[in-house]
Amino acid sequence: MATFTARDRSSAALRSPRSEVWAALVDASLIARITPYVTSIDVEGDKWLWRMGTIPVLGISVAPRFTELMEFEPEDRIQFRHDPSRPDEMTAVQGTYVLADRTDGGTDVSIDLEIACKLPLPGLARRAVEGVMVQVVKHMGVVFSRNLLKHLGEA
């Protein structure tokens, strides 16, 4: 068993006001609907339990399930980190969304996230596994962004 990681940093300039972008980003059911591979997100207080469909990685299939502790600074920042009381989970994500007003009335949004996944593969497979993970994360980000823009009426 080895731990593999992938990181993604991206940003976007949206026409929508910050309040609308914020409302979308804190709506767990919407996030689950517009994010590829995510099948559901259950909310229990400040914990979001993410369930994902099967993702093939070098001959094995994984269906990640992980619990995130969410910290919300309304209309400004969302921080999330893996719940340390869940060491049994094979996947952990940590990251931050930051929102800022644009002079034209829109919103700048940035995200920085890192995914760590324990897999029954040797560490020697790191380069290949992490390459696949980066591609999956990029795909998820592209589709999520496109769907968020549609939801906000910008596409």
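Residues numbered from 1 in each chain as written. Predicted model: local features only at pLDDT ≥ 70, side-chain atom pairs only at ≥ 80, totals over all residues. Heavy atoms only, no water.

Before going further, it helps to examine helix H1 (residues 18–25). Along H1, the residues that are buried comprise Arg18, Val21, Trp22, Ala24 and Leu25. Mapping the buried residues of H1 onto a view down its axis gives an arc of 160 degrees, with all of them on the same face. (Buried < 20%, exposed > 50% of the residue type's maximum accessible area, 1.4 Å probe, protein only. Helix = DSSP H or I, 4+ residues; strand = E, 2+ residues; numbered from the N terminus. Arc of directions from axis to C-beta.)

This paragraph deals with the sheet that holds strand S8 (residues 91–101). Reading across the sheet, the 7 strands line up as S1-S9-S8-S7-S6-S3-S2 and stay open at both edges, with antiparallel pairing between neighbours. Of all strands in the sheet, those with a lone pairing partner are strand S1 (2–14) and strand S2 (38–44), marking the two edges. The mean angle between the axes of side-by-side strands here comes to 20 degrees, regardless of whether they run parallel or antiparallel. Taken strand by strand, H1 contacts S1, strand S3 (47–52), strand S6 (65–73), strand S7 (77–82), S8 and strand S9 (107–119), and its axis lies near 165 degrees from that of S8. (Pairing = 2+ DSSP bridges. Axes fitted to C-alpha atoms, helices over the stretch in contact; angles between N-to-C directions. Contact = heavy atoms within 4.5 Å.)

Moving on, we get to the environment of Phe4. Secondary-structure assignment places Phe4 in strand S1. According to the relative accessible area criterion, Phe4 is buried, its value standing at 0%. Considered as a pair, Phe4 and Thr67 are 63 residues apart in the sequence and their alpha carbons are 18 Å apart. Discounting residues that sit within four places of it in the chain, Phe4 has contacts with Ile115, Ala116, Cys117, Leu119, Leu121, Pro122, Ala125, Arg126, Val129, Glu130 and Met133.

What follows concerns the pairing of S6. In the sheet, S3 pairs with S6 via 5 bridges, with the strands oriented antiparallel. Note on S6: the bridge partner recorded for Leu49 is Thr67. In terms of strand pairing, S6 meets S7 through 6 bridges, oriented antiparallel. In the strand pairing of S7, Glu68 is matched with His82.

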